[in-house]
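Topology and contacts: notes
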Amino acid sequence: MKIWLDGGLRDAEGATVSVFDHGLTVGDGVFETIKADRGQLFALTRHLERLTTSARGLGLPDPDLDEVRRGCAAVLDANPMALGRLRITYTGGVSPLGSDRGDAAPTLAIALSETTRRPDTTAAVTVPWTRNERGALAGLKSTSYGENVVALARARELGASEALFANTVGALCEGTGSNVFVVLDGELHTPPLASGCLAGITRALTVTWAGAKEADLPLDALEHAEEIFLTSTLRDVQAVTRIDRRQLADGPGPVTAEAMRIFDAHAAADFDPR
């Protein structure tokens, strides 16, 4: 396996960063995960735009997107596979121990791992912890993922693949690595970005392509929704057939199935939608 690290390809065993890298010591970094389908990256332009937005939100220098594109191409060429998860990680670089940044250049790493297509359906659970819609990291794709690790472990313990959060005012927000959509009275809704959720790439495309409405929703909307689905880079559109102990259906409902069909058709027609 070949990894791109700070300007060139390296063997995975030699692709190391300092123990003083701020991404390791305090989670001072941002990242993107991109679907690699037979050597092509889906929605690469949108992902790079969000990488820059997240870096600016964290106060990091803008990443050199030309280098990022070169690194992505090199990693894809060096590691051919049918379906992969490409990860771009961009951190504050070597810094003093503590929260202050040093003067070193940021660290850029690009890695790829093989994956398989997700199932059409899954289960999700709600968790008692909240997203802070007013926090400094709200809406940023930061490497500070400790809360997600804890919540996802809870979901796994309960036989689910995702955990869903409310925000500090009790509104439905997002999953650990996904956005959530619900069908209420036959209409498709998703929480607005003001809820504190990530501006998901697949979320934005689904809102546009499937005609979803952004709306503030209480967490208990999940108890009444006729259908629920998740969106993310590797899930695309995935139906939730069980939420906590509530069984919704055995398969995708009609609105979800149509959203899945629309997303697949649009994605196949344009692999880098702007």
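Everything below is about the structure printed above this text.
Structure report, in brief. Here the structure is a predicted model, which means the values were calculated and not measured.

What counts and what doesn't
- Residues numbered from 1 in each chain as written.
- Predicted model: local features only at pLDDT ≥ 70, side-chain atom pairs only at ≥ 80, totals over all residues.
- Heavy atoms only, no water.
- Core = buried A, V, L, I, M, F, W, Y, C linked by side-chain atoms within 4.5 Å.
- Buried < 20%, exposed > 50% of the residue type's maximum accessible area, 1.4 Å probe, protein only.
- Helix = DSSP H or I, 4+ residues; strand = E, 2+ residues; numbered from the N terminus.
- Contact = heavy atoms within 4.5 Å.
- Patch = residues over 30% accessible without salt bridge, like charges linked within 9 Å, V, L, I, M, F, W, Y side chains within 5 Å.
- Areas by Shrake-Rupley, 256 points an atom, 1.4 Å probe, with all protein chains shown as cover.
- Salt bridge = Lys/Arg side-chain N within 4 Å of Asp/Glu carboxyl O.
- 1 Å grid on protein atoms, 1.4 Å probe; cavity = no way out; pocket = protein on both sides within 12 Å on 5 of 7 lines; lining within 4 Å.
- Points joined across faces, edges and corners; volume = space filled by probe spheres on them.
- Nonpolar A, V, L, I, M, F, W, Y, C, P; charged D, E, K, R; others polar.
- Pairing = 2+ DSSP bridges.
- Axes fitted to C-alpha atoms, helices over the stretch in contact; angles between N-to-C directions.
- Parallel < 35°, antiparallel > 145°, perpendicular 65-115°, else oblique.

Judged by nonpolar contacts, the single largest core of 24 residues is most densely connected at Leu41, Val68, Leu86, Ile88 and Ile110. Listing elements by their share of this core, those giving two or more residues are strand S3 (29-37), helix H2 (44-58), helix H3 (65-78), strand S5 (83-91) and strand S6 (107-114). The residues touching Leu41, leaving out its near neighbours within four places in the chain, are Ile34, Lys35, Ala36, Cys72, Leu76, Leu86 and Phe271. The next biggest cluster of nonpolar side chains, apart from the first, holds 17 residues, and it includes Phe42, Val207, Ile262 and Ala267.

For the rest of this paragraph, the subject is a nonpolar patch on the surface. Together, Val19, Phe20, Leu24, Val94 and Leu97 line one region of the surface with nonpolar side chains, adding up to about 510 Å² of accessible area. Tracing the backbone through its elements, the reader meets Phe20 in the loop between strand S2 (8-11) and helix H1 (22-25).

Here the second largest pocket defines a volume of roughly 230 Å³. If one sorts the elements of the lining of the second largest pocket by residue count, S5 sits on top with 3 residues. The class makeup of the residues in the lining of the second largest pocket is 6 nonpolar, 5 polar and 2 charged.

Let's shift gears to the pairing of strand S10 (residues 179-184). Where burial is concerned, most of S10 is hidden: 6 out of the 6 residues are buried. Covered by surrounding structure in S10 are Asn179, Phe181 and Val183 together with Val180, Val182 and Leu184, the residues of both alternating faces. Summarising the sheet, S10 and strand S13 (residues 227-232) pair through 5 bridges and their orientation is antiparallel. What sits directly across from Val183, in S13, is Glu227. Where S10 and strand S11 (residues 187-190) come together, 3 bridges link them in antiparallel fashion. Paired with Val182 across the strands is His189, a residue of S11.

Locating Leu97 in the fold gives a position in the loop between S5 and S6. Taking the C-alpha atoms as reference, Leu97 lies 19 Å from Gly146; in sequence the two are 49 residues apart.

This brings us to unusual backbone geometry. Backbone geometry places Asp6, a non-glycine residue, at a positive phi of 50°. By the secondary structure assignment, Asp6 is in the loop between strand S1 (2-5) and S2.

Quick look at the packing of helix H5 (residues 201-210) against helix H7 (residues 254-269) now. Across the interface, H5 lies against H7 with an axial gap of 10 Å and an inter-helix angle of 105°. Our classification of the angle between H5 and H7 gives roughly perpendicular. In this structure, H5 contributes Thr202, Leu205, Thr206, Trp209 and Ala210 to the contact, and H7 contributes Ala259, Ile262, Phe263, His266 and Ala267.

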